[in-house]
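What follows is each chain in one-letter form.
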Amino acid sequence: MSQAAKMSEDIKPVWVYKVAEGTAAKMEGLHPAVDAAGNVYVTETTTTSLYKILPDGTLGWKKEMVPSAESADPFSGQLSVPSIEADGSVVYAGGGSSGNGCYFAINAADGSMKWEFSSDKFWGANGAIPAPKINRINAAIGDKCIYIGNGGTTGTALAINKTTGERVSYVSNKTDGTGGPAGGCNSGMSVTKNGMVMFRASYGAFSVNTASMDNAGEAGYVPFGAQYRDKSMTTHNANIACFTMDGKDYYTFFGATDAGMNVIWGPINATDELASYQSDGAPTWTTHQIAGTKKQDQGGVVIGPRNEIIVSLKNNSTVPGGVYAVDPATNQMAWRYEINVDCAGTPAVDKAGNVHVIDDAGTYYILKPDYETKKAELLKSASLKDIYAEVHNHTWNEGDVCKAYGTVIIGNDGKMYCSVFFRDRSKTALLSAVYCLESGLCKGVGDTPWPLKNADCFNSGNQVK
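Below is a short write-up of the structure. (Residues numbered from 1 in each chain as written. Predicted model: local features only at pLDDT ≥ 70, side-chain atom pairs only at ≥ 80, totals over all residues. Heavy atoms only, no water.)

Quick look at the pattern of salt bridges
- Summed over all chains, the structure comprises 10 salt bridges.
- Close ionic contact of Lys380 with Asp10 constitutes a salt bridge, the shortest N to O distance being 3.0 Å. Linking Lys380 in strand E30 (residues 375-383) with Asp10 in the loop between helix H1 (3-8) and strand E1 (12-21), this pair joins segments that are 370 residues apart in sequence.
- The class of Asp10 is partly exposed, set by a relative accessible area of 27%.
- A salt bridge links Lys415 to Asp413; its shortest N-O distance comes to 3.4 Å. (Salt bridge = Lys/Arg side-chain N within 4 Å of Asp/Glu carboxyl O. Helix = DSSP H or I, 4+ residues; strand = E, 2+ residues; numbered from the N terminus. Buried < 20%, exposed > 50% of the residue type's maximum accessible area, 1.4 Å probe, protein only.)

Things to note about the pairing of strand E15 (residues 196-201)
- With 6 of 6 residues buried, E15 is to be regarded as a mostly interior element.
- In E15, alternate side chains face the same way, and those of Met196, Met198 and Arg200 on one face and Val197, Phe199 and Ala201 on the other are all buried.
- As paired strands, strand E14 (residues 190-191) and E15 are joined by 2 bridges and run antiparallel to one another. When the sheet's bridge partners are listed, Ser190 is paired in E15 with Met198.
- Connecting the antiparallel pair E14 and E15 is a turn made up of 4 residues, with Gly195 showing a positive phi of about 85 degrees. (Pairing = 2+ DSSP bridges.)

Here's the deal with the sheet that holds strand E6 (residues 83-84)
- Strand order in this open sheet of 4 strands is E6-E7-E8-E9, and the pairing throughout is antiparallel. Strands with a single pairing partner mark the edges of an open sheet, and in this sheet they are E6 and strand E9 (113-117).
- Alignment of E6 against strand E7 (residues 90-95), held across 2 bridges, turns out to be antiparallel. Across the sheet, residue Ile84 finds its bridge partner in E7, namely Val91.

Considering the sheet that holds strand E11 (residues 145-150)
- The strand order E10-E11-E12-E13-E17 describes an open sheet built from 5 strands, whose pairing is mixed. Both edges of this open sheet fall to strand E10 (140-141) and strand E17 (221-223), since each of them pairs with a single strand only.
- Pairing geometry for strand E13 (residues 167-172) and E17, over 3 bridges, is parallel. Residue Tyr170 lies in a different strand from E17, and its bridge partner there is Tyr221.

Re unusual backbone geometry
- Even without a glycine there, the phi angle at Lys427 is positive, about 70 degrees.
- When you line up the elements, Lys427 lands in the loop between strand E33 (416-423) and strand E34 (429-438).
- On the basis of relative accessibility, which here comes to 61%, the residue Lys427 falls in the exposed class.
- Unusually for a residue other than glycine, Asn459 sits at a positive phi of about 60 degrees.
- Secondary-structure assignment places Asn459 in the segment after E34.
- With a relative accessible area of 0%, Asn459 lands in the buried category.

Side note on the packing of aromatic side chains
- Summed over the entire model, instances satisfying the criterion amount to 15 aromatic pairs.
- Pairing Phe199 with Phe206 gives two aromatic rings, centres 6.0 Å apart and planes at 35 degrees, and the pair type is tilted. There is no split in this pair, since Phe199 and Phe206 are both buried. (Phe/Tyr/Trp six-rings, centres within 6.5 Å; stacked < 30°, edge-to-face > 60°.)

Points about the side chain of Ser439
- Positionally, Ser439 belongs in the segment after E34.
- Using a relative accessible area of 7% as the deciding quantity, one classes Ser439 as buried.
- Polar contacts involving the side chain of Ser439 include one to the main-chain carbonyl oxygen of Glu9, which spans 2.6 Å.
- Residue contacts for Ser439: discarding those within four places in its chain leaves Ser8, Glu9, Asp10, Ile11, Ile366 and Met416. (Polar contact = N/O pair within 3.5 Å; in protein donor to acceptor, adjacent residues only side chain to side chain. Contact = heavy atoms within 4.5 Å.)

Geometric descriptors of this kind do not, in isolation, establish any biological role.
Here is the structure:
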């Protein structure tokens, strides 16, 4: 291979957009969404704003997501990640981790408000005032409704009419509609190719049929089916991925504590009533244990070229950080790549079957799985800190570090996107930035059932195939 060909495979910046600067410029666990034209949408915590960044890396518009005066108070705390309609017309985003969560539909062309879903519109049990918490979730996008989850004592999964912004339904664990999933929903919704909405609560994974949510009737609630319950393996913010194996549909996610990680998968049935256990008392799910890993409280799972379930790992004294893949057909490790640094974000799979991941120190890796040796080969890596310095002619001070918690999004044209923030030696935030990168190794998003954290670059939460 010529030197020029090797250089074309390097990880290079297309643009790097500085979103915010100063002590509150902390984009923690937030990743972009990218439409078919290459417009990038990202939320930023400090001003509770949604940004549209144009394909050339300049600002299209900035929208502060503030409810109207006659609605709820402005929310505070964490934000969701944006989700985009496939035609690029509407962006959905929101936030509020202090019990005053709100959600918005925003017209993508000019940043104007289409509708708002304020705190008082969320579900409240037995007349209780809703106190919704929204934390880094995405909205799954359906034909009639979007589906979101919220945490807190009145937490649940909800369907919101895309046209009107009104609540169509919420999910209950009681036949009279007075109960919600334990602890509410801590991640975004995931929709299977057969129309089941999967979501995470504090103690497991649950599901309900989208047809039921879209047509709940006057009662306004629908029952959920239990898929998996295990209080010892809770985790927040991690997505559910969906895939097909031997003609059957499956869900998968992970639960992780300081004792280790469980990668879990189980069958999906296209009904509202889903059992956690089989008739003989055996669980319907399968578990792959990765003992000794550090607690993983973000991240998520994606599906690789051979249907393997891919997760990132944090680093500790017994198990290195990096990337780990499980073969669900055999319940054996498919391959791994070890990095002696935490990896808290979700990997991504490209069209060639390469796996992209960012460690928490801000190094971007492109890996090639080897299914014979059960290891992955490092193809290319790059420092996001060095790239920022190059693009913005910026000089870092000693002790300044990149805090990535990075989830990679690959656009349909093969460009790679991520969001990070930087802090100084006293752990004070310095600035946050969104990256658009390219490499000759990446020609597009992977042809797998779930190649990115929220399935596609739109963050739509819908199973790809």
